[in-house]
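The chain contents come next:
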Amino acid sequence: MFTQEKYLKALNFAAKAHGEQKTPYGVPYLTHLASVAMEIIHACEQSQLKIEKADLAITVALLHDTIEDTDVTYDDLYSEFGAEVAEAVEALTKDKTIESKKDQMALSINNLLTQPYEVQMVKLADRITNMQKPPESWDSLKVLNYQKEAKFILSCLKNSNLYLSKRLEDKINEYVVYINR
Ligand SMILES: [Mn+2]
C-alpha cells in the first residue's frame, strides 16, 4: 500500500539528519523511528486507512523528530516533502524555548489537534514506542510522571485512531511495574 520510493526517501532523509545520534538504550536513533513507523503501518492496516492518509502518516512517523532533535528546519522539510509534512512535523515538535516541560507538551498537543488524525496518530505511536522499560537513570518520580504524561496524551488524542489508543492504554497499564521497582 505504501510505495518503497516514498518510504526510502523519508528513511534516508531521517538517517542522514539524525546521523550518530543514539537512543537512551545506546542504539542508533533510526531504530526509534523504525519502531514508530512499524506501529503506524500496523495501525493503517488495522484501520484500513486510505493510501494517501497512510502515506502521510508513515512519512511523518519517519521524520517526526527531525526538527526537534537535528539541524533540519521546517523549510528543509517543506522543500523536500511539501507543506503537509512540514506542518505535521512542526506540530510534533516541542518548543524548547518554553520553560516548563508540561507547557511544552500542552502546546504541542494543541498544535496537533489542528492536524489531521493521521498526524495525531504519530504522537500515539511515538509514546507507545517510548513506553518500554525506562532507562536505569530514571528515578521513580520520573517514571511516574512519564506514565501520567502518557495518560494526558491518550486523553487528548484518543479519537485519532482506535487501534493505537488501545495499544497505548495497554502500555500505560503495563508500565505500572516500572514505577516501584
Ligand atoms: Mn520520537
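Per-chain numbering applies: the sequence of each chain, read as written, is numbered from 1 onward. At least 70 in pLDDT is required for a residue's local features to be given in this predicted model, at least 80 for side-chain atom pairs to be given and counted, and no such filter applies to totals for whole chains, interfaces and linings, which use all residues. Side-chain numbers come from the whole structure's heavy atoms, not from hydrogens or water.

**Focus on the coordination of the manganese ion**
Each angle at a metal carrying four tetrahedral donors should ideally be 109.5 degrees, and each at a metal carrying six octahedral donors should ideally be 90 or 180 degrees.
Step number 1: Donors, by definition, are the N, O and S atoms found within 2.8 Å of a metal, the threshold being 3.2 Å for Na, K and Ca, and water is not counted, so a site can look incomplete. The protein atoms that coordinate the manganese ion are His32 (NE2), His64 (NE2), Asp65 (OD) and Asp126 (OD), at distances of 2.2 to 2.3 Å.
Step number 2: Linear spacing of the donor residues for the manganese ion on their chain is H-x31-H-D-x60-D. With His32 in helix H2 (residues 30-46) and Asp65 in the loop between helix H3 (51-63) and helix H4 (66-69), the pair connects residues that are 33 residues apart, well separated along the chain.
Step number 3: Residue His32 is classed as buried on the basis of its relative accessible area, which comes to 8%. Numbered from the N terminus, helices here are DSSP runs of H or I no shorter than four residues, and strands are runs of E no shorter than two. Only protein chains enter the accessibility calculation, which uses a 1.4 Å probe; a residue is then buried when its area is under 20% of its type maximum, exposed when over 50%, and partly exposed in between.

**Some thoughts on unusual backbone geometry**
Step number 1: The backbone of Gln48 sits at a positive phi, close to 50°, despite the residue not being glycine.
Step number 2: When you line up the elements, Gln48 lands in the loop between H2 and H3.

**What about the side chain of Ser108?**
Step number 1: Along the chain, Ser108 falls in helix H7 (residues 101-112).
Step number 2: By relative accessible area, Ser108 is classed as buried at 1%.
Step number 3: Side-chain polar atoms of Ser108 contact the backbone oxygen of Ala91, separated by 3.1 Å.
Step number 4: Any two residues whose heavy atoms approach within 4.5 Å at even a single point are treated as in contact. If we skip the residues at most four places from it in the chain, Ser108 touches Ala91, Leu92, Thr93 and Lys94. Any pair of nitrogen or oxygen atoms within 3.5 Å is treated as a polar contact; in protein, a donor-acceptor pairing is required on top of that, and neighbouring residues in sequence qualify only through side-chain atoms on both sides.

**What about the UniProt feature "domain: HD" (unreviewed entry) in the protein chain?**
Step number 1: UniProt positions are given in the numbering used here, feature names are shortened, and annotations may be inferred rather than shown by experiment. In this numbering, the UniProt entry assigns the feature "domain: HD" (unreviewed entry) to residues 29-131.
Step number 2: For residues 29-131, the helix share is 75%, the strand share is 0%, and the end-to-end C-alpha distance is 16 Å.

**Description of the side chain of Ser160**
Step number 1: As for its position among the elements, Ser160 is in the loop between helix H9 (140-157) and helix H10 (162-174).
Step number 2: From its side chain, Ser160 meets the backbone oxygen of Leu157 in a polar contact 2.8 Å long.
Step number 3: Not counting residues within four places of it along the chain, the set of residues in contact with Ser160 comprises Tyr117, Gln120, Met121 and Leu124.

**Describing the pattern of salt bridges**
Step number 1: By definition here, a salt bridge exists when the distance from a side-chain nitrogen of Lys or Arg to a carboxyl oxygen of Asp or Glu is within 4 Å. For the structure on display, the rule yields seven salt bridges.
Step number 2: Of the charged contacts, one joins Lys96 and Asp69 as a salt bridge, the two residues approaching to 3.8 Å between their closest N and O atoms. Pair noted here: Lys96 is in the loop between helix H6 (83-91) and H7 and Asp69 is in helix H4, with a separation of 27 residues, a long-range link.
Step number 3: On the basis of relative accessibility, which here comes to 53%, the residue Lys96 falls in the exposed class.
Step number 4: A salt bridge links Lys166 to Asp170; the nearest nitrogen and oxygen atoms lie 2.8 Å apart. Note that Lys166 and Asp170 are positioned in helix H10 at a spacing of four residues, about one turn of the helix.
Step number 5: Residue Asp170 is classed as partly exposed on the basis of its relative accessible area of 30%.

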